[in-house]
Amino acid sequence: MLYLFSVITLLQGQPKWSDPNGIPTAQPTGYEALMVSNDKIWVVLAVVLLIWLGIVLYLFRTERKISALERTLEEAKQERLA
Amino acid sequence: MTLAVKKRIKVGIALWMTTVVVAAFLLSAATNLPILEETARNLYFHVPMWFTMMMAYFVSAAFAIQVLRTEDPKWDMRVVEATRIAMLFGVLGMLTGIVWSRFTWFLGTGKWWGSDPKQMMAAVQLLISGAYFVLRSALENARLRARISAVYTLFSVVSMIFLLYVLPRLTESLHPGASGNPAFDKITDPTMRLVFYPAILGFFGIAWWLFDQRVRLAKVEEEAESFFIV
């Protein structure tokens, strides 16, 4: 309970979302301008790519582990026969 | 479930998710919201990451209970793999949230991280989840390792409910559902749910697919080890 209480207290001093000074008024430049173009569809692409690559990377990791195991088993079987 | 049945289900999952992704980009509902604009479509991707993480955690908790009840090592192996999958989706959810917020909440400010309670609590939860693997590496005795890490899993699932569900609703936040924001169902166009719910199901399926792969890998690893001992 003390832990929860301290976390909630820590969150008290944070800037409120209704802060008028927090609204950005400058025009986006550089990569930000690229990402927000076309109604920010590129942000959607970035998110989907992140998920896709993350899953594919994990698939490849598991694939490599399986292949390494298969190789070891093959070698062991060859040794047994020899 | 036989291997053939599983294969058919996996093909089905692949087709389902392909349809979901295509529909996510074709359906034009509610994509002209201020600031969000087209990124409203991220709803179909970012949010299911967290739903999937939570589902994987609940599954690992169920396995953890089995570990404590039966002390059968096969449950311990499943707890590990389920936690691995949960971490994968948690990290993906975090990364996608950071990218999404960079160009919506923090547009023009150059910030990549903010003081949003849900985001902070999610980061804390990911640390708690990561510590599970650190804990396991510290314990040598297999039986002890299984039992202690199972208890840790149960603790971390309880903390997840608090950090991701209870705390963010108590404080001000830009995430929907917190005080100062309408709840998720009030702002979501009904047409979006047509893609959102299938997306959740599809990602659940992908999580199960990855989990099944890792379980098969763990089984083969065990067999290979006993092969060499003989």
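The structure presented is a predicted model; accordingly, all values stated were derived computationally and were not measured.

What counts as what
- Residues numbered from 1 in each chain as written.
- Chains lettered and ligands numbered in written order.
- Predicted model: local features only at pLDDT ≥ 70, side-chain atom pairs only at ≥ 80, totals over all residues.
- Helix = DSSP H or I, 4+ residues; strand = E, 2+ residues; numbered from the N terminus.
- Buried ≥ 20, exposed ≤ 12 C-beta atoms within 10 Å, placed from the backbone.
- Contact = placed C-beta atoms within 7 Å.
- Nonpolar A, V, L, I, M, F, W, Y, C, P; charged D, E, K, R; others polar.
- Expected span 1.5 Å × (residues − 1).

### Some points on the overall build of chain A
Across its full length, chain A holds two helices and zero strands. Expressed as a percentage of its 82 residues, the buried residues of chain A come to 11%.

### Observations concerning the interface of chain A and chain B
In this assembly, 34 residues from chain A lie in contact with 38 residues from chain B. Those elements that place two or more of their residues in the side of chain A that touches chain B are α1 (2–10) and α2 (31–81) of chain A. Ranked by residue count, the leading element in the side of chain A that touches chain B is α2(A), at 23 residues. In terms of residue class, the side of chain A that touches chain B is built from 25 nonpolar, four polar and five charged.

### Some thoughts on unusual backbone geometry
Residues and elements named next belong to chain B. If you check the backbone angles, Glu37 has positive phi at about 50° while not being a glycine. Inspection of the secondary structure puts Glu37 in the loop between α1 (3–26) and α2 (46–70). Positive phi values are uncommon outside glycine, yet Glu71 reaches one of about 60°. Here Glu71 is to be found in the loop between α2 and α3 (73–102). Of the residues examined, Glu71 has 13 C-beta atoms within 10 Å and is grouped as partly exposed.

### Structural notes on α2(B)
An ideal rise of 1.5 Å per residue puts 36 Å on 25 residues; α2(B) measures up with 37 Å between its terminal C-alpha atoms. Taken from the residues just after α2(B), Glu71(B) is the one with a positive phi, measuring 60°.

Read these as spatial facts, not as claims about activity.
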